[in-house]
Amino acid sequence: MSTHVFNATSGTFTTGRLYVFERAQMIAGLPARMQSQDLGAEYGFLAADLDSLTPPPAGEAEFVLGPNFTLTELTDSFRVAATWGSNPTMIVTAGPTILEGLGNAPCVGDANTSRACVPEPAPAATTDYVDNIGGHYMHRLAYRNNGTQIAPQESLIVSGPSDSTDSNHGSVEWFEFRNAGSSSTTPTLFQSAHYDIDTNYRWLPSIAMDKDGNIALGYSKSSTTVFPGIYVTGRLASDPVGTMGAEIQMTAGIGSQLGAGNRWGDYSAMTLDPIDQCTFYYTNEYLKTNGGFNWSTRIAAFKFPSCVSAAGSWGTVTGTITSSQTGAPISGVTVSLSNGYAGASNASGVYTILVPAGSYTATAADPTRNCTSSIPTSATVAPPGGGTVTQNFQMTGTSKLEANGFTIDDSLGNNNGIVNRAECVLVNLGVKNNGCAKETGISATLTTTTPGVTVVDASSTYPDMLIDGSSTNATPFKISVSDTFACGADIALSLNLTYASGSKSIPFTIPTCAGGPDQQIPPSQLTASDPTQADRIGRDGRPSTCSAPKSSPGGGFPGTHAYETFTKRRLRPGLRSDQHRRELPGRQWYCRPRDHGRHSDLLLHRSRRA
């Protein structure tokens, strides 16, 4: 993928950038990695986009083409190769400059508005004229292999806005580059031309080639007497090199753009039906009335009469992926054909690949599942046109036990569903077998490295786990959180598993109560006008532990007591009330257990026995 990078503050262009993505992971619907590399002062670049039934030669480096950043009528080329594995690489190789390329599309509108370039009929003023998006190769750079993977004949079709016979209008220019199938060669020009049949301004083109080598070119056209509309032209493979046929109006414009920052859309798209390989789809915009940001979209479908649909040339390879150990279906296993086509098994273990009819070698693999081998190791499949062949695979490998969520039970504490300081908590840790074999004899011990946290009950077991099976520990783990624990710090737990085929440690992270600084109660005096309260239960300031619930200390403070309340900005972790109290008479701080047996829900007081 090619991109332009701009400075976030000034909006100025910084660099051209290329990205590559991990295809095998994307096919399997799994998280995929990305790599990128900057090109420097390169602008308007396109990465080649596959159209043909026949892929490029296996392992061939990708094509990237774009106009020279400094000079017109020159094309810069790059080849991009990527590897993945444990040490991914992205190698971008610059080729020699191709001595053909886009001209300078003229800007015929307001000289003070750099984007006001393409004329429109009244009521549009020159300041309303639209952007020609000059200096870009336009979407798409269409790739077609008209040969075979062993003996390729590669064509790259691209177009863009360009100059014309005079400075009062622009044309669209199109190119067919060819390459001989090498990763190190630079494409050479086979044919090109301006499409400039009158004095109207043509811009915003897109181009593609069908399976027979016929080419379709779409674009927008406008002038001071022609509203911006949608047009196409084309050529047969047998036409003289560098020529196009008559212009066909797809949709007439009905209005002029007024304002809208001079941007016309942007871009149009000529694409090809990937199945029949004959039908072109062209997407562009037009206006039904004068205005800004009120574009309408038209999609046109057409084909050359001589092109016979290739739909009957496709066959289907399908099958079911199962475990050689249990016979259970396995999802996410990728089946790859020797021509680069691939498909992943679904939840029922079934994969389906639509592929051009032919003979291929099929292999099945899923290293992320620990599927190390398959039965058969490989197989020859030959789907006929319009037909289906079935090839099943049995996978052999090992289990892959991974974290699968957790639950906490703090009913031994304040039962608010949050791990608080000075609290005893039961923990259940989920495990799932995302591997390629059943696992048995699973036992576990729990450890932690988090200060202020102690694992009290550390041992448990798990039931046997089938492929894609999941469960939790048979008996809860128990952890004790000290009264000095820093609220807000995550608790890091390690679930250390031992099982029939090996052992591993799985990390879990448990969030805790919200933190916050301690708050100071300001000095004040109790008076006779303060509210009063009758006898209160005694406290002894001892926290509860996991060993046993705290019993009521008994005692009490007979008599009537005056008190004040202080509203807190934030609750201290573990407290229920949003107020502090200070009682008369007294200077002793103490905590009152909410239920006489548990420490986690407290009111803070200061009192003195009368």
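Being a predicted model, the structure only gives us computed values, none of them experimental. (Residues numbered from 1 in each chain as written. Predicted model: local features only at pLDDT ≥ 70, side-chain atom pairs only at ≥ 80, totals over all residues. Heavy atoms only, no water.)

Quick look at the overall build of the protein now. Tallying secondary structure elements over the protein gives 1 helix and 41 strands in all. Residues classed as buried in the protein amount to 46% of the 610 residues present. Contacts in the protein between residues far apart in sequence, at least 24 positions, make up 60% of those at least 6 positions apart. Looking at the protein as shown, the accessible area adds up to about 27,200 Å², and 53% of this sits on carbon and sulfur atoms. (Helix = DSSP H or I, 4+ residues; strand = E, 2+ residues; numbered from the N terminus. Buried < 20%, exposed > 50% of the residue type's maximum accessible area, 1.4 Å probe, protein only. Contact = heavy atoms within 4.5 Å. Areas by Shrake-Rupley, 256 points an atom, 1.4 Å probe, with all protein chains shown as cover.)

If you walk through the whole model with that rule in mind, you get 17 salt bridges. A salt bridge links R369 to D366; the nearest nitrogen and oxygen atoms lie 4.0 Å apart. D366 shares its class with R369; the two are buried. For D457, the salt bridge identified is with K478, shortest N-O distance 3.9 Å. With D457 in strand 31 (residues 453-457) and K478 in strand 34 (residues 477-481), this residue pair connects regions lying 21 residues apart in the sequence. Several salt bridges share partner residues, and in doing so they unite R115, D131, R263 and D266 into one network. (Salt bridge = Lys/Arg side-chain N within 4 Å of Asp/Glu carboxyl O.)

The next thing to look at is the environment of Y195. Relative to the helices and strands, Y195 resides in strand 11 (residues 188-195). By relative accessible area, which is 5% here, Y195 ends up buried. On a C-alpha basis, the gap between Y195 and T243 in space is 8.5 Å, while along the polypeptide they are 48 residues apart. When sequence neighbours within four positions are dropped, the list of residues in contact with Y195 reads S171, V172, R202, L217, Y219, T233, M244, G245, A246 and E247.

It is worth spelling out the confidence of the model for the protein at this point. For the protein, the average pLDDT comes to 88, and 88% of its residues sit at 70 or higher. For residues 569-610, every residue scores under 50 in pLDDT, and the model assigns this stretch 144 contacts once sequence neighbours within four places are set aside. (pLDDT = per-residue confidence, 0-100.)

Okay, the environment of I197 next. Structurally, the position occupied by I197 is in the loop between strand 11 and strand 12 (201-209). Separated by 50 residues in sequence, I197 and E247 have C-alpha atoms that sit 8.8 Å apart.

Once that is clear, we can look at the sheet that holds strand 35 (residues 491-499). Spatially, 32-30-35-36 is the arrangement adopted by the 4 strands of the open sheet, whose pairing is antiparallel. At either end of the open sheet lies a strand with only one pairing partner, and these are strand 32 (459-462) and strand 36 (502-510). Put simply, the sheet's adjacent strands are angled 30° from each other on average, direction ignored. Sheet analysis places strand 30 (residues 442-448) next to strand 32, joined by 4 bridges and oriented antiparallel. Bridged to I442 within strand 32 is Y462. (Pairing = 2+ DSSP bridges. Axes fitted to C-alpha atoms, helices over the stretch in contact; angles between N-to-C directions.)

With that settled, the discussion passes to the nonpolar core. Core analysis: the biggest nonpolar cluster contains 25 residues, and Y462, I491, L495 and L497 have the highest contact counts within it. Counting residues per element, this core draws most heavily on strand 35, which supplies 5 residues. Excluding residues within four positions of it along the chain, I491 makes contact with V419, T448, T450, V453, I479, V481, F485, F508, T509, I510 and T512. Counting 23 residues, the second-largest nonpolar core is a separate cluster that includes L337, I353, F393 and I467. (Core = buried A, V, L, I, M, F, W, Y, C linked by side-chain atoms within 4.5 Å.)

Our focus in this paragraph is the state of the cysteines. Here the structure, examined in full by the defined rule, presents 4 disulfides. The disulfide partner of C107 is C117, and the S-S distance across this bridge is 2.1 Å. Taking the sign of the S-S torsion, about -80° here, the bridge from C107 to C117 comes out left-handed. Taken as a pair, C107 in the loop between strand 7 (89-94) and strand 8 (138-145) and C117 in the loop between strand 7 and strand 8 lie far apart in primary sequence, 10 residues in all. Here C487 connects covalently by a disulfide to C513, the sulfurs 1.8 Å from one another. The chirality of the disulfide connecting C487 with C513 is left-handed, given an S-S dihedral of about -85°. (Disulfide = S-S within 2.5 Å.)

Our focus in this paragraph is the layout of surface pockets. Here the largest pocket is characterised by a volume of approximately 1,400 Å³. For the lining of the largest pocket, the elements supplying multiple residues, two or more each, are strand 2 (13-21), helix 1 (23-27), strand 4 (46-50), strand 5 (62-67), strand 6 (75-83) and strand 20 (334-337). Each residue belonging to the lining of the largest pocket can be placed in one class, and the counts come to 29 nonpolar, 8 polar and 5 charged. Each pocket or cavity is described by its volume, and for the second largest pocket that value is around 510 Å³. Taken together, 24 residues line the second largest pocket, and the ones lying closest to its centre are Y43, I133, G134, G135 and H136. (1 Å grid on protein atoms, 1.4 Å probe; cavity = no way out; pocket = protein on both sides within 12 Å on 5 of 7 lines; lining within 4 Å. Points joined across faces, edges and corners; volume = space filled by probe spheres on them. Nonpolar A, V, L, I, M, F, W, Y, C, P; charged D, E, K, R; others polar.)

Attention shifts here to the sheet that holds strand 2. Reading across from one edge, 1-2-3 is the order of the 3 strands in this open sheet, with antiparallel pairing throughout. The sheet is open, and its two borders are formed by strand 1 (2-6) and strand 3 (34-40), each paired with just one other strand. On average, each strand axis in the sheet is inclined to that of its neighbour by 35°, with strand direction left out of account. Of the pairings in the sheet, the one linking strand 1 to strand 2 comprises 5 bridges and is antiparallel in character. If you follow H4 over to strand 2, its bridge partner there is G16.

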